[in-house]
Amino acid sequence: MTVGIVVVSHSRALADAAVALAGEMVAGGAVPLEVAAGLDDGGFGTDAVAISEAVAGADQGDGVVVLMDLGSAVLSAELALELVDDEVRERAVLCPAPLVEGLVVAAVSAAGGASRAEVAAEAADALLAKQGHLGAAPEEAGPGRATTGAEETASFTVGMPHGLHARPAAALVQALRGLDADVRLRNVTVDGPEVSGASLSRVATLGALQGHEIAVRAHGGDAAEAVRRLLALAGDDFGESAAVAAPAPAVTGRPVPASPGIGIGPVRAGGATGVVVPAPVPGDQRRRLDEARAGVRDHLQAVRDRAAREIGAAEAAIFDAQVLLLDDPEVVADVVARLEAGTDAARAWADALDDVADRLAGAADEYLRARAADVRDVRDQVLRALGGVAPDDTAGDGVLVADDLTPAEAAVLDPARTPAVVLAGSSPTAHAAILLRARGVPAVVGVGAALAARAREAGVLAVDGSTGEVVADPDAATLADFRARADALTRHRDEAARRAHEPAVTRDGTTVLVGVNVGSPADARAGVGADLAGLVRTEFGFLDRHEAPSVDEQEAAYRAIGKALDGRRMTLRTLDVGGDKPLDYLPMPAEANPFLGVRGIRLALARPQLLADQLQAIVRVTHDHPVDVMFPMVADVDELAAARRALDEAVDAVGRGRPADLRVGIMVEVPAAALKAAAFAPDVDFFSIGTNDLTQYTLAAERGNDAVAALADALDPGVLALIAATAQGAGDDVLVAVCGELAGDEQAAALLLGLGVRELSVAPGSVATVKQAVRDVDLARARELATAALACPDAAAVRALLA
Ligand code: PEP
Ligand code: MG
């Protein structure tokens, strides 16, 4: 939805300045905006014909909101509507909003995808903040909200089962960032104290459980906007329905393999070992602290990016909470006060964070109490950066047995000292499991409380993260068996690594390209032996920023990845955000089902400037490096046609002709696209199947939601049938690739090739082993395997077939 805006003013200069001001609020300039202002001779006045042309020009099918300054501007606008086509007139709204305030609000809400009625309503309300601030009589501002004098007040009821815990608290703090508003929150239900909405640590201590009423008070120029955002967030359960389900306390008692590999070692019972506060080090304490925090921030953001790549941005948001804590104004103010009182950096940081953790540990809700561990994790990371060490450097060795692991704990686990992890709860798609896989730590999850308790009492554990076996105090024969498996695995990985640079050729002589999925030059370098980068997730250049990267910045980022690939082709996927991966600077209306909403290509087409900029950066790079452009989440041939037009325009804008090495493809993530592959085929060079999304849409099982994790299996015959349909629709001229997680499953390689796939793009650590798996494939037998798999009733049967 992209509603256009027309600015009608007596003065061209006034209109241009107002448009420039609004442009400051809307990064990317994505809203179609036309100006009809002043007379041809430069004088003051309005012209109905010019206005009618502006209205027609701004209407892209979703309507136009017309904002006018005074007097005859309104009459001219009314007349102008008589001059446009009936269709356009029906979609046009003459809005009584004040020009400057109204334009700013209208531009922001139109950029957020609001309808024309919503844009007009928002604009008409644009004076509320000013009225509230100056004490003018406010208008009724909607349910649950009242404007009193210079203050905005409201209340909401917490709807989430785990209350306002770290992730929703982080969403709340982030929503208020950048606003000129001092927001105070109070838990009315427990009659608690007021806390600052800018402080994650304070918000988390509200102890706000499900059903609690939270009172909101806001002051400042953006107070009304702050309250509006808060109520919208609360109405959407702070995005929790889109985020991963909170860790399920239930333990299944059925061991589930979660990260392949063999681990044998002494038992190490779970629980974080706190870092000892290092002795004072002379020097500028503020600087030492800031440098330590900066290092931890970089680390957390890298972990966050990795988690976002492997599981999705919504789930990676837990690390945002840690970054927010690192920069929490109240925490920092507390630490600075301690520094000024003469305490050294490490002690000041440790004491301030201990205070926050203690407050959380005293919360009534068990889930909130558990978040104290996250705070201690941040405390320890900064202390480590300041020279602190764990109390006993050898105490952390061994097979870790715990009820569950936070992502933060998984992220800081030392693989060299942790042969394996066994968890009573969790699931293979949980944050921690994904991170453990990424770090190569074998893991078995969901073993249940009883087995976990027995494991804790054992001296030694033998763990097979591929089969889910956990053996307590293994006898000599079992130990020998596990060691033999470990040796075989090591030999296999060594052999694969040795041959990583050789092409992956099946036994019958078919070459299969094995690519690497990357988000950064470091990933590209880590994918040793990859034939190409089959998926560059460009969205990582757009996250964690306050505005979209410029064309130059994007060009530099893609060139850096190209350089790391040293001439190998790269598949640049255009921006895949929206819905579940929101951007601060692209305000989006809340969606009940973000995975079914405005994401991927839908968002890019709704923000033409954003897409145009990115495509220009891509085209510039393609003149020097072979590039595949790939559009995500395509469902409809019209979307592909529009995206291709945008690409052609970018080629024209760059002005160096069409790069010879430019190829175009789409991701197949929507079941309809798989079934309509033949309709797309004439207009693409390749299809790349995103099995992560294709699986969630095929089985109606949200990715990352532990509660439906068992359903969301990419080996489900329904998903396989869609892969087969894609290959069939592709015909002989269109390459079919898979870049979802399934491509990295060595066991699935033969099946995918049997279904017609000829390129696999995988996480950096899997390139060599997947190449090795391809070398074992005989295509004729792989086709038989595929036929058998398609006839299976469920994923378990397919898995049995592959084993
Ligand atoms: C996919 O959906 O399989 C895919 C590769 O895209 P992403 O995981 O980035 O959504
Ligand atoms: Mg996807």
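Remember, predicted model here, so these are calculated numbers, not experimental data.

J.: Please explain the site of ligand 1 as it appears in this structure.
T.: Looking at ligand 1, there are 13 residues lining it, with R537, R573, G690, N692 and R703 nearest. R573 places a polar side-chain atom, nitrogen or oxygen, 2.9 Å from an oxygen atom of ligand 1. Coverage of ligand 1 by the protein amounts to 99% of the 290 Å² it exposes when considered alone. Of all the elements in the fold, those that place two or more residues in the shell around ligand 1 are β19 (532–537) and α27 (691–699). If you tally residues by element for the shell around ligand 1, the top one is α27, at 3 residues.

J.: So what exactly am I meant to see when it comes to the coordination of the magnesium ion (ligand 2) here?
T.: Each pair of donors in an ideal octahedron of six around a metal sits at 90 or 180 degrees, and each pair in an ideal tetrahedron of four sits at 109.5 degrees. Around the magnesium ion (ligand 2), the donor atoms from the protein are E669 (OE) and D693 (OD), and they sit 2.0 Å away. Within this pair, whereas E669 is found in the loop between β22 (662–668) and α25 (671–675), its partner D693 is found in helix α27, the two being separated by 24 residues in sequence. D693 shares its class with E669; the two are buried.

J.: Honestly, helix α3 (residues 72–83) in this entry has me stumped. Any pointers?
T.: The periodicity of an α-helix, 3.6 residues per turn, causes residues three or four positions apart to be oriented the same way. Taking 1.5 Å of rise per residue, 12 residues should cover 16 Å, and α3 covers 17 Å from first to last C-alpha, within 8% of that figure. When α3 is considered as a whole, its buried residues turn out to be A73, S76, A77, A80 and L81. The arc that holds every buried residue of α3, seen down its axis, measures 145 degrees, which confines them to one face. Among the exposed residues of α3, those pointing more than 90 degrees away from its buried face are L75 and E82. Those residues of α3 that are buried are in contact with β1 (4–9), α2 (48–58), β3 (64–68), α4 (86–90) and β4 (92–95).

J.: What's the story with the environment of G448 in this structure? I'm lost.
T.: Structurally, G448 can be placed in the loop between β14 (443–445) and α18 (449–457). Each C-alpha atom, one on G448 and one on V422, is 10.0 Å from the other, the two residues being 26 residues apart in sequence.

J.: Explain the pairing of strand β15 (residues 460–464) to me, please; I cannot follow it from the model alone.
T.: Sheet faces and side chains relate simply in a regular strand, where the side chains alternate between the two faces. In terms of burial, β15 is a largely internal element, 4 of the 5 residues being buried. Note: β15 against strand β16 (residues 469–472), 4 bridges, orientation antiparallel. Across the sheet, A462 pairs through a bridge with V471, a residue of β16. The turn joining β15 and β16, which pair antiparallel and follow one another in sequence, is formed by 4 residues; a positive phi near 90 degrees is taken by G468.

J.: Any chance you could explain a nonpolar patch on the surface here in plain terms?
T.: On the surface, L14, L21 and V100 cluster together into a nonpolar patch covering about 210 Å² of accessible area. Look at L14 and you get partly exposed, because its relative accessible area is 38%.

J.: Looking at this model, I keep getting lost on unusual backbone geometry. Mind explaining?
T.: Excluding glycine, most residues fall at negative phi; most peptide bonds, likewise, are trans. Phi at D566 takes a positive value of approximately 55 degrees, unusual for a residue other than glycine. Within the secondary structure layout, D566 lies in the loop between α21 (551–565) and β20 (570–573).

J.: Please explain the pattern of salt bridges as it appears in this structure.
T.: Where charged atoms from two side chains of opposite charge approach closely, those side chains can pair. Counting across every chain of the model gives 42 salt bridges. Put simply, D624 and R559 hold a salt bridge, and the shortest N to O gap is 2.9 Å. With D624 in the loop between α23 (608–622) and β21 (627–631) and R559 in helix α21, this residue pair connects regions lying 65 residues apart in the sequence. Counted as one network, the salt bridges with shared partners bring together R286, D290, R293, R297 and D327.

J.: What is the right way to look at the nonpolar core in this model?
T.: Across soluble globular proteins, you tend to see nonpolar side chains buried next to one another. If you look at the biggest cluster of nonpolar residues, it comprises 100 residues, and the most contacted ones within it are M570, L615, F631, F687, L715, I723 and L751. Excluding its chain neighbours within four sequence positions, the residues that come into contact with I723 are I689, T691, L742, L752, L755 and V757.

J.: Please clarify how the packing of aromatic side chains should be interpreted in this entry.
T.: The description of an aromatic ring pair rests on the distance of the ring centres and on the angle between the ring planes. Taken as a whole and assessed by the stated rule, the structure comprises 1 aromatic pair. Residues F156 and F238 carry aromatic rings whose centres are separated by 5.7 Å and whose planes lie at 55 degrees to one another, so their mutual orientation is tilted. Separated by 82 residues along the polypeptide, F156 in strand β6 (residues 151–157) and F238 in the loop between α10 (223–235) and β10 (256–259) bring together distant segments of the chain. Considered together, F156 and F238 belong to a single accessibility category, that of buried residues. Over the aromatic face of F482 sits the side chain of R485, whose NZ or CZ is 4.3 Å from the ring centroid.

J.: Can you walk me through the environment of A803 in this structure?
T.: On the secondary structure map, A803 appears in the segment after α32 (795–802). Linking A803 and Q747, residues 56 residues apart in sequence, is a C-alpha distance of 7.4 Å.

J.: Looking at this structure, I do not really get the side chain of Q554. What am I missing?
T.: Mapped onto the elements, Q554 comes out in helix α21. Its relative accessible area of 3% is what places Q554 among the buried residues. In terms of polar contacts, Q554 uses its side chain to reach the backbone carbonyl oxygen of P549, at 3.2 Å. If we skip the residues at most four places from it in the chain, Q554 touches F542, P549, D613, Q614 and A617.

J.: Would you take a moment to explain the sheet that holds β15 for this structure?
T.: Strand pairing in a sheet relies on backbone hydrogen bonds. The paired strands run either parallel or antiparallel. Reading across the sheet, the 7 strands line up as β10-β14-β13-β12-β11-β15-β16 and stay open at both edges, with mixed pairing between neighbours. The open sheet has two edge strands with one neighbour each: β10 and β16. Across the sheet, the mean angle separating the axes of adjacent strands is 30 degrees when strand polarity is ignored. Where strand β12 (residues 399–402) lies against strand β13 (residues 421–423), 3 bridges are found, and the strand directions are parallel. Within β13, the residue paired with L400 across the bridge is V421. Against the sheet, α18 engages β11 (262–269), β12 and β15, with an angle of about 140 degrees to β12. Its contacts with the sheet put helix α19 (residues 476–498) on β11, β15 and β16, and the angle it makes with β11 is roughly 120 degrees.

About the thresholds
Residues numbered from 1 in each chain as written. Chains lettered and ligands numbered in written order. Predicted model: local features only at pLDDT ≥ 70, side-chain atom pairs only at ≥ 80, totals over all residues. Heavy atoms only, no water. Near = heavy atom within 4 Å. Polar contact = N/O pair within 3.5 Å; in protein donor to acceptor, adjacent residues only side chain to side chain. Areas by Shrake-Rupley, 256 points an atom, 1.4 Å probe, with all protein chains shown as cover. Helix = DSSP H or I, 4+ residues; strand = E, 2+ residues; numbered from the N terminus. Donors = N, O, S within 2.8 Å, 3.2 Å for Na, K, Ca; no water. Buried < 20%, exposed > 50% of the residue type's maximum accessible area, 1.4 Å probe, protein only. Expected span 1.5 Å × (residues − 1). Arc of directions from axis to C-beta. Contact = heavy atoms within 4.5 Å. Pairing = 2+ DSSP bridges. Patch = residues over 30% accessible without salt bridge, like charges linked within 9 Å, V, L, I, M, F, W, Y side chains within 5 Å. Salt bridge = Lys/Arg side-chain N within 4 Å of Asp/Glu carboxyl O. Core = buried A, V, L, I, M, F, W, Y, C linked by side-chain atoms within 4.5 Å. Phe/Tyr/Trp six-rings, centres within 6.5 Å; stacked < 30°, edge-to-face > 60°. Lys NZ or Arg CZ within 6 Å of the ring centre and 35° of its normal. Axes fitted to C-alpha atoms, helices over the stretch in contact; angles between N-to-C directions.

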